[in-house]
There are 2 protein chains.
Amino acid sequence: MFIQTGFRQQTNSSACRTMSPDVPALLAHTCPSAVSLYTPNSEIFAQGERAGPLYLVEFGTVRICRLTADGRRQISAFHFAGEVFGFEYGTEHHFYAESVDSSGIRVLRPRLDDMMADAILPLALKSLTRAQEHLLVLGRQNAAEKMAAFLLDLADRQGNTSVIDFSMQRNDIADYLGLSFETVSRILTRLKLAKVISIPHVKQIEMLDIEALEDLRG
Amino acid sequence: MFIQTGFRQQTNSSACRTMSPDVPALLAHTCPSAVSLYTPNSEIFAQGERAGPLYLVEFGTVRICRLTADGRRQISAFHFAGEVFGFEYGTEHHFYAESVDSSGIRVLRPRLDDMMADAILPLALKSLTRAQEHLLVLGRQNAAEKMAAFLLDLADRQGNTSVIDFSMQRNDIADYLGLSFETVSRILTRLKLAKVISIPHVKQIEMLDIEALEDLRG
DNA sequence: CGAATTATTGAAACATGTCAAGGATCGTGG
DNA sequence: CCACGATCCTTGACATGTTTCAATAATTCG
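Residues numbered from 1 in each chain as written. Chains lettered and ligands numbered in written order. Predicted model: local features only at pLDDT ≥ 70, side-chain atom pairs only at ≥ 80, totals over all residues. Heavy atoms only, no water.

A. Spotlight on the protein's contact with DNA strand C. Looking at DNA strand C, there are 19 residues lining it, with Ala143(A), Thr183(A), Arg186(A), Ser185(B) and Thr189(B) nearest. When the atoms of DNA strand C within 4 Å of the protein are grouped by moiety, sugar and phosphate amount to 64% of the total. Arg170(B) is positioned such that a nitrogen or oxygen atom in its side chain is 2.8 Å from a phosphate oxygen of DNA strand C. The separation between a phosphate oxygen of DNA strand C and a polar side-chain atom of Thr189(B) is 3.3 Å. Listing elements by their share of the surface near DNA strand C, those giving two or more residues are helix 5 (181-193) of chain A together with helix 4 (170-177) and helix 5 (181-193) of chain B. With five residues, the top contributor of residues to the surface near DNA strand C is helix 5 of chain B. A class-by-class count of the residues in the surface near DNA strand C yields five nonpolar, nine polar and five charged. (Near = heavy atom within 4 Å. Polar contact = N/O pair within 3.5 Å; in protein donor to acceptor, adjacent residues only side chain to side chain. Helix = DSSP H or I, 4+ residues; strand = E, 2+ residues; numbered from the N terminus. Nonpolar A, V, L, I, M, F, W, Y, C, P; charged D, E, K, R; others polar.)

B. Spatial organisation of the domain arrangement of chain A. Residue and element names in this part refer to chain A. For chain A, the domain assignment lists domain 1 (2-137) and domain 2 (141-217). Between the C-alpha centres of domain 1 and domain 2 there is a distance of 24 Å. Residue-level contacts link 19 residues of domain 1 with 16 residues of domain 2. Summed over both partners, the interface of domain 1 with domain 2 buries about 1500 Å², with 51% contributed by carbon and sulfur atoms. Between domain 1 and domain 2 we count five salt bridges in total. Note that Arg73 and Asp175 form a salt bridge whose closest N and O atoms lie 2.7 Å from each other. Taken together, the connections running from domain 1 to domain 2 amount to twelve residue pairs in polar contact (both at pLDDT 80 or more). If you list the elements that add at least two residues to the side of domain 1 that touches domain 2, you get strand 6 (73-79) and helix 2 (116-140). (Domains from an automatic or database assignment. Contact = heavy atoms within 4.5 Å. Buried area = accessible area lost by both parts, 1.4 Å probe. Salt bridge = Lys/Arg side-chain N within 4 Å of Asp/Glu carboxyl O.)

C. Region of interest: the interface of chain A and chain B. The interface of chain A with chain B comprises 44 residues on the first partner and 44 residues on the second. Overall, the association of chain A and chain B removes approximately 3800 Å² of surface from exposure, summing both partners, and the carbon and sulfur fraction of that is 66%. Looking at the side of chain A facing chain B, the largest losses of area belong to Tyr89(A), Leu135(A) and Arg140(A), adding up to 21% of the total buried there. Counting the contacts that link chain A with chain B gives six salt bridges. Between Arg72(A) and Glu145(B) there is a salt bridge whose closest N-O contact spans 2.8 Å. The tally of links from chain A across to chain B stands at 18 residue pairs in polar contact (both at pLDDT 80 or more).

Encoded structure:
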């Protein structure tokens, strides 16, 4: 499912566009591997698998998922270029990770030096804050509000252009927002009819009225 | 809203019943204050307030909350005796914390030594895992499944007796599970009629059929 | 004991899910 | 490069779970 690139990459990661200042600090305390290429929908790590290394997204998109016993899926996070994922409490992954599109992932094996936790902690805390904010969205927002929150978050992480490029499909958005994919589709057309967004392409949305989206999000 | 206890408490925290092994490690790297007593519904820290110290629950219950612009509330977590809360990415609290009942909280001011992050990281990661699992509940479970998950979680954290004592009211449970308090009430009576639980008292539930609850939770 | 708060229950409204059909898009192989 | 099949997306009609509003009952607190 994945291919190691033949050339050894530079240690300085190329995933710089949106990289948080916490990442370089982490790189200094890990042994970054070469970039592995993952095909769409391929698994990066499985639920129940032994945890340990962290993962840096060089390009592409990753989803962190969990299933209920009867197969309903919740995506707890998407990760884009420059972001790190794979933190776990304990030795076992409680979630599984998949590549959404074609992605490049660098495995970061911790050097067991003293400063390791210092480097990881801020990233773990950022993930925690994100998850907590997502709880508010899932628990207390309606479909339109969820969608607005998602679009604004995506725009923010893509560098605040008003045109958003989607790597994930409606299905993924639905499972991230706790909706059905039909509802995702309906909300998008509703926002389009209200001239809040336009949809030049299935995987591209232009935000026409950002203020309206921000009002929606609350 | 809170009263400092006159006597200086021992550094060895008394909140041992459910204490995680990670907590003693943390205590060794902080300057624990005396226990502060909080009255029901009093604020421990506010959203937007400067973050820094951590908080150890000695007794009682704490809720971590966030409001939408129009006043809907999401409780992202409850914390019981022996648990630590107050982690933040950055310098500012993104959530606010309140005492649910009468609680005793010990402020842990970090000593700025090298091992601080090592002590905090496991606790932060546990909070992260909890939040992620809560995302599945909020996003993909129906009211009965949410309730089952909540009851089993509570039972587990109270030491796995089949009788659960609630410190929070229906309203709090609703805001934790992303439901209305009426629905919480209805689900409880439904479970009672199905002989899955009994409700000897408004703030006490006995689990009669744990397997049924586990099936529900998934 | 009485007032205020909290919890339960019912009826109706509403948002979202489910099921089903038709369109668009994408990838592949001729 | 086009045509085909498969996948994904959109839209509609209907079913359903949950919320909302309202009234009553239970509990807590002074």
